[in-house]
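Close look at the chain arrangement
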Protein chains: 6
Amino acid sequence: MTNTTRIRWIDPVGHDDFSGDIEALLTDVKRPNTEVETVSLERGPHHVEYHYYESLVLPDVLHLVKEAENDGVDATVIGCFYDLGLEEAREVSESMPVMGPAQATTHLASTMGDTFSVIVGRRKWIPQMRSTIERYGLGDRLASFRPVELGVLDFQTEPDRTRDRLTEAARAAIEEDHAEVVILGCTAEYGFHETLQAELGVPVLDAVVAPFKFAELQAELASLGWTHSKVGGYESPRVAEIEEWGLSDAFRTRGVWER
Amino acid sequence: MTNTTRIRWIDPVGHDDFSGDIEALLTDVKRPNTEVETVSLERGPHHVEYHYYESLVLPDVLHLVKEAENDGVDATVIGCFYDLGLEEAREVSESMPVMGPAQATTHLASTMGDTFSVIVGRRKWIPQMRSTIERYGLGDRLASFRPVELGVLDFQTEPDRTRDRLTEAARAAIEEDHAEVVILGCTAEYGFHETLQAELGVPVLDAVVAPFKFAELQAELASLGWTHSKVGGYESPRVAEIEEWGLSDAFRTRGVWER
Amino acid sequence: MTNTTRIRWIDPVGHDDFSGDIEALLTDVKRPNTEVETVSLERGPHHVEYHYYESLVLPDVLHLVKEAENDGVDATVIGCFYDLGLEEAREVSESMPVMGPAQATTHLASTMGDTFSVIVGRRKWIPQMRSTIERYGLGDRLASFRPVELGVLDFQTEPDRTRDRLTEAARAAIEEDHAEVVILGCTAEYGFHETLQAELGVPVLDAVVAPFKFAELQAELASLGWTHSKVGGYESPRVAEIEEWGLSDAFRTRGVWER
Amino acid sequence: MTNTTRIRWIDPVGHDDFSGDIEALLTDVKRPNTEVETVSLERGPHHVEYHYYESLVLPDVLHLVKEAENDGVDATVIGCFYDLGLEEAREVSESMPVMGPAQATTHLASTMGDTFSVIVGRRKWIPQMRSTIERYGLGDRLASFRPVELGVLDFQTEPDRTRDRLTEAARAAIEEDHAEVVILGCTAEYGFHETLQAELGVPVLDAVVAPFKFAELQAELASLGWTHSKVGGYESPRVAEIEEWGLSDAFRTRGVWER
Amino acid sequence: MTNTTRIRWIDPVGHDDFSGDIEALLTDVKRPNTEVETVSLERGPHHVEYHYYESLVLPDVLHLVKEAENDGVDATVIGCFYDLGLEEAREVSESMPVMGPAQATTHLASTMGDTFSVIVGRRKWIPQMRSTIERYGLGDRLASFRPVELGVLDFQTEPDRTRDRLTEAARAAIEEDHAEVVILGCTAEYGFHETLQAELGVPVLDAVVAPFKFAELQAELASLGWTHSKVGGYESPRVAEIEEWGLSDAFRTRGVWER
Amino acid sequence: MTNTTRIRWIDPVGHDDFSGDIEALLTDVKRPNTEVETVSLERGPHHVEYHYYESLVLPDVLHLVKEAENDGVDATVIGCFYDLGLEEAREVSESMPVMGPAQATTHLASTMGDTFSVIVGRRKWIPQMRSTIERYGLGDRLASFRPVELGVLDFQTEPDRTRDRLTEAARAAIEEDHAEVVILGCTAEYGFHETLQAELGVPVLDAVVAPFKFAELQAELASLGWTHSKVGGYESPRVAEIEEWGLSDAFRTRGVWER
C-alpha cells in the first residue's frame, strides 16, 4: 500500500456547485493519510432526479471511474443516492473499489439499529430507491421513506427551511414508523446531520460522509485482495471488442481503454 | 384507435444484422392490422452482454423511444433480455407503452405454469437477470437459470450446436429443476422455440415473439388509458430543465425534446 | 388460427343479471374478429363473496370450462376477482387458455407502475385476495387494499354512491398509500373506471375488461403452443378414472368427459 | 367441556377403504376421553390427486363439516394433505375447530427442527403443496419435496415397496437436503412412520396421527374461546341468503343450514 | 406413557412472585392427568425486558431444563415471550420437549385467522420479538405490534389500568391493523384474556395458558418419538467435553451433566 | 478522536491458545495508529460450537464488553462467527461500537459480488448461521454453506488438511453454487485466505481480519455520533435496577456497573 490513500468523489452532474462544500466536508473527516479529490462532469443535467438524467450521465461517469483506476486512485465514490452506476462501475473497474451513498448508509445503518428511515426530497424518488434497498436485502429493515417536498437543488438554498423539514420528517420516522436510525437520502442534504442528531438523539447518517468513510475502508481492504469479484456479474468487458467496434471513437471515452 | 397499430422494435446494438430475421419473425405472428418496424443504433457495441455496453447505448435507446412516441408509434419493444432501459423508457415516454423481453416472458410464463427456467448464454448474465426477475416479484417462480456457454453472437452462427445445447439445458431444467415452462433468455436465441417445444412438450417462450405480442396488447390497452402511471416513479423529466441546461446540444438527442 | 376468435366469459353465479352489461362492455373493447360469449350458472348463489359459495359453484364452473374447450372456444375468463377456479381450470382444460380478473389486472398493473392498490367491497374479501396476490409474487407491489363497505350486489344499485366511494378510496390509495395504479377488485365494479381515471389521473383497471383483453392475447399465443404446461401442477385428470368411478353420473358434468 | 371429546375424521373420497385402518390407528393414539369417528363421502373419486377431484368433493366435505358442528362434534380433520377445504371449512364452521394434515405436520415440524422435507407420491402434487406451505409462512423451512413415484392408491397395496421407497427418499432428504424432520405428505402413507423413524433417527411425522392429535388440542382450546376468528376472512355466510337463493334445494346440503 | 404427565413451568426470573398465580391458572386449564410444576431462579433480575438480563439468566435456565429432563418431567415451558433459550434448550434436552410463549401463541394464531397482532409492554421489546416471529416464518401474518407503555412489573399492580390499555390497544389492532387474532405478548399479561375476548369478539391468546397447553400436546407426541430432531442444529453438546473442561465446577450446573 | 484507536478482540472461550496468532495477524493489518488488544475468558469451554457453550460464556463476554467501554476502548470485536452476543453487547454498551465476524464479512461480501458462500466446519453450525444471515437480510445473497467436516479445534492442528478441504469446498461453492465471494465461516479458519485467494481468483474473506477492519471504521464513525441507536432494541438496562436486585453480587460482573 502506498503511504497516501487517494479517494475520488465523482459528482455525477454537469456543474461543480457543490464540489467545494463536499471537498471541505470530506477533508474534515478524512484520515490523516487520505487525499480527497472531487470531480464533476463536463456536460449534463444539474441534478439526476430523473432516470433520464441518470442515463445521460452514466457513460461519462463510468469513464471517470475507469480513468480514476488508470490514475491509481485507491477508491471512488459516485455521489448520488440512487447508487447510479454502482453495479456497472464494478464491472468497468478491474480492482479499484467503488461505493455509493445508498449502499454505504444502509449497510452501516444495519449495524446501528433494528430499522432505519430514509428522508428523501420527493415521492418520485422512492420507487427506485426502494427497489435498490430491497436488492441489497435490507427491505425488511426499512421503516419508511419520508419525503420533504424539496428538489435536489432546493436543499442548500434555504438552509433553515431544509433543517426544519428534515427534522420534522425524521422525528415522524422515529416516533410513528419506529425508525432507530435516520438516513439523509440525498447527497445534497449535506450539512444537517449534526444538528439533527443533537435534536433527535439517534444516529443521522449523512450521504456524503458515510460512503466516503466506507471507501477509505474499501481502499485498505483492496490491498488484501478484497475487492469486487470478477467471476460472475462483475466480469469486465473485453478491450479487444471495444477496439474492434470502435467504441472509443463513437463515444466520449476519455481514452480510458487505451493500452 | 387508428386502424393500423404500429409496433416498433428497437435492437439496442450498433448493427442491424438481426433486423431482417426479426422483422420476418414478427411479420409471421403479428395481427393483421399491425405494422412491424425495426430500428437499431447508429453507433454502439455489437452485443450488450456487459453493463458497460448497456450503459453506452442507453441514452441512444431512450432517444429512440421518445422519437417513436413523437412519430405516433403505438408501442415499442426494447430488444434485450436484460430489459435494458425499460424503467427509464417509461419515464421518458409520456403515454406510449414500452415492453422488454424479460418482463413479457416471465409475466406470461406465470400464467402457464408453477415455475419457469431461463436458458441463458453465459453465467455472467445471471446476476442482473435474477435481480430483475426478483424485482418483478417472480423470483419464487424461477426454477433455475441454465447457461449454455454461448455468447450472444454465437447463437445464430452454428444453429445445430445452438439447438442441441438449448435442448439439453431445457431438458435438464424440466427434469432436474422441475421447471414447467422454459424461457429462452436472449433475443438472439430466436428461431428455436418451435423445435424445442415439439421435442420437450412444454411451452418454450421466445424472447422476440413474446414481448412483441405483449406490446400489441399494450397498444390496445393504451387507448383505454391503461399505460404506465405518471404519479410516481415514472414522472417525466421537465422539458424546461432539459432546455435550460442545453442537454439537446450536449447529447445526441435527435431533437426529441423540441416543442 | 381460425379467422374468428371466440372468448367465453363465465359468470360464476346462479343468475345472469350482469350478463347483458358485461356483453355490451366487452363488445365495445373487443378486437374486430373476436366473438364475445357470456354464460352463467343454472344454479347457485347470487354472489360469491363467501368461500362456501365459491365452493358450491366450483364444479359447475369447471364443467363449463371443459365444455368451452370441447366447443372450440379459444379462451375463457372466469369472472370473479377471487380468481375462483383458475388453477383448477388449467388442470381441466387440455390447452384452451383460462384467465381470471386478479391475475390479469395485477400482472398488467405491474407493467404500469411501481405499486397498485385494490379497491374492494368489504374487509372480508381481503385475506383471500391478498393470499392470491402473494402467490402470484406481487405482494411487494400491493400498496393497499381499500374497502368501500359495499357488497357485490350493491355496486350497480346506486351508481352515484358507488362512484363516490370508489373515487374516495382510490384517492386515499394514491395519496396515502402511494399507489401508482388502481385496480377495481370486483367484476361488479364495472362501468366506473373511465370516470375515476379522468378524475384521478392514474390508470384504473377494470376487472371485466382487463381479463378479457388478456384472454384475447392468450388465444393468440395458444396458437403458437404457448398455453399452460402439462408437465407439473396442471397435469389433467385421467378420463379412464373418471369413467371407472362413475363421476359423470354422480355429478352434473354436462357430459364434458365423454369421448 | 363435556367429559368426552369427539373428533371426527373426514376422508374426502367416495369410498371407505381406508376408514377401518385410520380408525384403528387413531384409537391407538387418542387420549382416554376422546371418541374417534370417521366418515367418508357418498359419492366421489377414489383419490384426490387432481384439483378437479378436490373441486368435486369440496361442497360435500363442507356440508360434512357443518353437519359435524351441528352434531356437537368437538373438532374435525379433513384427511387430505392438500389441506383441501381447510380455509373454507373455517368459514362454514361457526366455532368448531378444523384441521388439515399439512397445517398440522408443518406447524409441529417447525417446533422440532430447523427444516423439514415432505415425501410425496408424484411430482404433480408439489406445486399446490408448496403454495400451501408458503402461504403458511413455512416455505423457508421446507428443505425439499421428494417424490417416490407412487399414486395415492399404491401406497397400501405393496407395503414393502412403499417402505423401501419412503426410506430411500427420506434418507436423501436428510443427507442431501439437510432436512432435520421428515413429513409423510399423504394420508395414505400411514403405517410407516415408526419403521422409518427407527431406521433414520429423526422424527417422521405421519399425516393421519399428527392432525388428529392437533385437533384434540384444538378441541380443548375451543372451550377457552380459542378457535378461528370471525372478524375477517372466516366470516360465515348468511343463512338468510342461503335460504333466499334456494341453495339447500339446488345442492346436496344434507340439511345443514336448517334452523 | 406414564399415567401422569408432568409439565414444568420455568419462570426465568430471580423471584417467585408470579408463581402462585401461574400455578393456579394452569391448574384450571390442565388435563386431568397433568401435574403442574413451577420453578423460578435462585438468583437474577426481576424481569427480563433487557437482553442483558436474558443473558444473565440463560445458563441457569438451561440447567433447569436439563434438570427437568433428568427428573423425568414430560415437557417444559420457559415462561418469557422473547422465547428466551428455546433453541438452546432443545440442544441441551435430549428428548424432553420444550416450548415458549411466542412460538406457541403465533403457531396457534396461524390456525385461527389470517393475521394477528401482539400487544406488548414497551417499544423496546419489539425488535427482538419481530425478529423471532420472522424467524418462525410468520412475519407476513403479523398485523402489528401495539405497545401499551407498561413494564413487565406494572401489569399486575393496577389491573384496571392494564385491562383498559390492553383493550384499547387490541381494539386498534383489530380495527386499524385488521388483526383477526390478538396475542398478549408477555407472560405477565395473564388474567385478562377472557375479559378482552368478551369485549372484542376475537380470540385473545394468553401467553401463559397457550404454551402450557401446547406443551401437554408435545409431551404426548414425544411418546411417539416426535420431539426435536438431533441430526442438525439441536445436536447436543458432548458430556465428555463438558467434563474435560471442568465446566461443572466453573459454572453453577446443578450437577445436571453427571452420569 | 484520540490519537490512538484501541480495538479489543474478545475471544469467547476459556483459553488463550489462539490469542497470540490473532494478535500477530491483526498487528499486520492494523492502521498505524491502532492498538490491538486481545482478551479471552477466565473460565469456559474451549470452543463454542454448541449453543449451550455460547450460553455459558455469554454473560462473561458481555461483562468484558462493558469493561472495554469503561476502559475507554474505541471498538470491540466478539470473535465467533455465530455473532454470539452481538445484539446483546450493543444493548450493554452505551456508545462503544461492537462487531462480529458474520455481520462484518457478509456486509462486506455484499459490496463485492452478487452472492457468497460460507465454508463451515460442521453441518451442526448451519441452522444458527443461516438464521443470523437471514436476519441480516442477506439470505438471498447466500449461495450455500459448505461444511468441511472439521471442528473448531481441528483447523489449526493439521494445516495442510485444512487448506486442502477449504480449497475443495470453496471451489465447489464457486463452480457449482455460483458463489462470487467466499467467506471462511469460523475465526479458527485464520491463516488460509491468502493461499485460497491465489488459488481460486475470488475474494476469500477471513473471519478475523474482516471484523477487525470493520471495527476500526466503526471507531472512527462513533466519533461522528454514528454508533448503535439507543431509542429501540438497544436501549440499555437501568443501573438502578441492577443494583436494587444485587446482580453484581449474584453474578461475576467484574464491577462493570459500579458508578
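Since the model is a prediction, treat every value here as computed from it, not as a measurement.

**Regarding the packing of helix α1 (residues 19–29) of chain E against helix α8 (residues 209–222) of chain E**
Residue and element names in this part refer to chain E. Put simply, α1 and α8 touch, their axes get as near as 10 Å, and they point 50° apart. If you check the angle between α1 and α8, you find them oblique. Seen along the crossing, α1 lies across α8 with a hand that is right-handed. Of the residues in α8, those touching α1 at L25, L26 and V29 are V209, F212 and K213. Partitioned by chemical class, the residues of the contact of α1 with α8 number five nonpolar, no polar and one charged.

**Examining the interface of chain B and chain A**
On the side of chain A, 44 residues touch chain B, which itself brings 44 residues to the contact. For the pairing of chain B and chain A, the buried interface totals around 3700 Å² over both sides, and the portion due to carbon and sulfur atoms is 62%. Its largest share of buried area at the contact with chain A, chain B owes to Y52(B), W245(B) and F251(B), together 20% of the area lost on that side. At the junction of chain B with chain A, the criterion picks out four salt bridges. With a shortest N-O distance of 3.2 Å, E235(B) and R122(A) are connected by a salt bridge. At the surface where chain B touches chain A, the tally comes to 24 residue pairs in polar contact (both at pLDDT 80 or more). Of all the secondary structure elements, the ones that give two or more residues to the side of chain B that touches chain A are α2 (51–71), α3 (86–92), α5 (126–135), α9 (239–244) and α10 (247–250) of chain B. By residue number, the principal contributor to the side of chain B that touches chain A is α2(B), which donates ten residues. Split by residue class, the side of chain B that touches chain A holds 20 nonpolar, eleven polar and 13 charged.

**Observations regarding the interface of chain C and chain A**
With seven residues of chain C at the interface, the matching set in chain A holds four residues. The contact between chain C and chain A buries some 470 Å² in all, and 42% of this surface belongs to carbon and sulfur atoms. Applying the counting rule to chain C against chain A returns one salt bridge. Measuring nitrogen to oxygen at the nearest pair gives 2.2 Å for the salt bridge that ties D114(C) to R130(A). The interface formed by chain C and chain A holds four residue pairs in polar contact (both at pLDDT 80 or more) in total.

**Section: the environment of E23(B)**
Residues and elements named next belong to chain B. For E23, the position within the fold is in helix α1 (residues 19–29). For the pair E23 and V36, spaced 13 residues apart in the sequence, the C-alpha separation amounts to 6.8 Å. Look past the residues within four positions of E23 in its chain and what remains in contact with it is V36 and T38. Polar side-chain contacts of E23 include one of 2.8 Å to the side chain of T38.

**Overview of the relation of the copies chain B and chain A**
It takes a turn of 180° to lay chain B on chain A, together with a shift of 0.0 Å along the axis; the resulting RMSD is 0.0 Å. The relationship between the two copies is best expressed as a two-fold rotation axis. A symmetric contact is evident, with 100% of the interface residues of chain B recurring at the interface of chain A.

**Remarks on unusual backbone geometry**
Residues apart from glycine generally show negative phi values, whereas peptide bonds are mostly found in trans. Residues and elements named next belong to chain A. Of note, the phi angle at H178 is positive, near 60°, even though the residue is not glycine. Position of H178 relative to the elements: it lies in the loop between α6 (159–175) and β7 (181–184). By relative accessible area, H178 is classed as partly exposed at 27%.

**Let's talk about the domain arrangement of chain A**
Residue and element names in this part refer to chain A. Looking at the assigned domains, one finds that chain A contains domain 1 (5–100 + 210–250) and domain 2 (102–207). In this structure, domain 1 and domain 2 have C-alpha centres spaced 23 Å apart. Counting residues at the interface gives 24 residues for domain 1, matched by 27 residues for domain 2. Around 2300 Å² of area is buried between domain 1 and domain 2 when both sides are counted, 63% of it from carbon and sulfur atoms. Ranking the residues of domain 1 by area buried against domain 2 places E49, F81 and Y82 at the top, with a combined share of 36%.

**Quick notes on the pattern of salt bridges**
Under the counting rule described, the total for this entry stands at 144 salt bridges over all chains. Between E91(B) and K124(A) there is a salt bridge, and its shortest N-O distance comes to 2.5 Å. Linking E91(B) in helix α3 with K124(A) in the loop between β5 (116–120) and α5 (126–135), this pair reaches from one chain into another. Both residues of the pair, E91(B) and K124(A), belong to the buried class.

**Brief notes about the sheet that holds strand β2 (residues 34–40) of chain C**
All names here are of chain C. Taken in spatial order, the four strands of this open sheet run β2-β1-β3-β4, and their pairing is parallel. If you trace the sheet from one side to the other, it starts and ends with β2 and β4 (98–99), each paired once. Pairing of strand β3 (residues 75–78) with β4, which is carried by two bridges, proceeds in the parallel orientation. Note on β4: the bridge partner recorded for V77 is M99. Helix α2 (residues 51–70) rests against β1 (5–11), β2, β3 and β4 of the sheet, and its axis sits at about 170° to β1. Each of β1, β2, β3 and β4 is contacted by helix α8 (residues 209–222), which is oriented at about 140° to β1, the strand it contacts most.

**Let's talk about the confidence of the model for chain A**
Chain-level pLDDT for chain A is 97 on average; 99% of the residues reach the 70-or-more range. This complex was scored by the predictor with a pTM of 0.97 and an ipTM of 0.97.

**Some points on the packing of aromatic side chains**
Applying the stated criterion across every chain, the model contains 39 aromatic pairs over all chains. Taken together, a centroid distance of 6.4 Å and an interplanar angle of 65° make the contact between W125(D) and F155(D) edge-to-face. In this pair, W125(D) sits in the loop between β5 (116–120) and α5 (126–135) while F155(D) sits in the loop between β6 (142–147) and α6 (159–175), placing the two residues 30 residues apart along the sequence. Summarising the burial analysis for this pair, W125(D) and F155(D) share the class buried. Taken together, the ring pairs in this structure connect Y50(A), Y52(A), Y53(A), W245(B) and W257(B) into an aromatic cluster.

**Focus: α6(A)**
Residue and element names in this part refer to chain A. Here α6 contains 17 residues, and its C-alpha end-to-end distance of 24 Å stays within 8% of the 24 Å for a straight helix at 1.5 Å per residue. The complete set of buried residues in α6 reads T162, L166, T167, A169, A170, A172, A173 and I174. Contacts from the buried residues of α6 go to β5, β6 (142–147), β7 and α7 (193–200).

**Description of the relation of the copies chain C and chain A**
Superposing chain C onto chain A takes a rotation of 120° combined with a translation of 0.0 Å along the rotation axis, leaving an RMSD of 0.0 Å. Seen this way, the second copy is the image of the first under a three-fold rotation axis. Measuring from the rotation axis to each C-alpha of chain C, the shortest distance belongs to D140(C), at 6.5 Å.

Criteria and thresholds
- Residues numbered from 1 in each chain as written.
- Chains lettered and ligands numbered in written order.
- Predicted model: local features only at pLDDT ≥ 70, side-chain atom pairs only at ≥ 80, totals over all residues.
- Heavy atoms only, no water.
- Axes fitted to C-alpha atoms, helices over the stretch in contact; angles between N-to-C directions.
- Helix = DSSP H or I, 4+ residues; strand = E, 2+ residues; numbered from the N terminus.
- Parallel < 35°, antiparallel > 145°, perpendicular 65-115°, else oblique.
- Left-handed = near helix turned anticlockwise from the far one by under 90°.
- Contact = heavy atoms within 4.5 Å.
- Nonpolar A, V, L, I, M, F, W, Y, C, P; charged D, E, K, R; others polar.
- Buried area = accessible area lost by both parts, 1.4 Å probe.
- Salt bridge = Lys/Arg side-chain N within 4 Å of Asp/Glu carboxyl O.
- Polar contact = N/O pair within 3.5 Å; in protein donor to acceptor, adjacent residues only side chain to side chain.
- Least-squares fit on C-alpha atoms with pLDDT ≥ 70 in both.
- Buried < 20%, exposed > 50% of the residue type's maximum accessible area, 1.4 Å probe, protein only.
- Domains from an automatic or database assignment.
- Pairing = 2+ DSSP bridges.
- pLDDT = per-residue confidence, 0-100.
- Phe/Tyr/Trp six-rings, centres within 6.5 Å; stacked < 30°, edge-to-face > 60°.
- Expected span 1.5 Å × (residues − 1).

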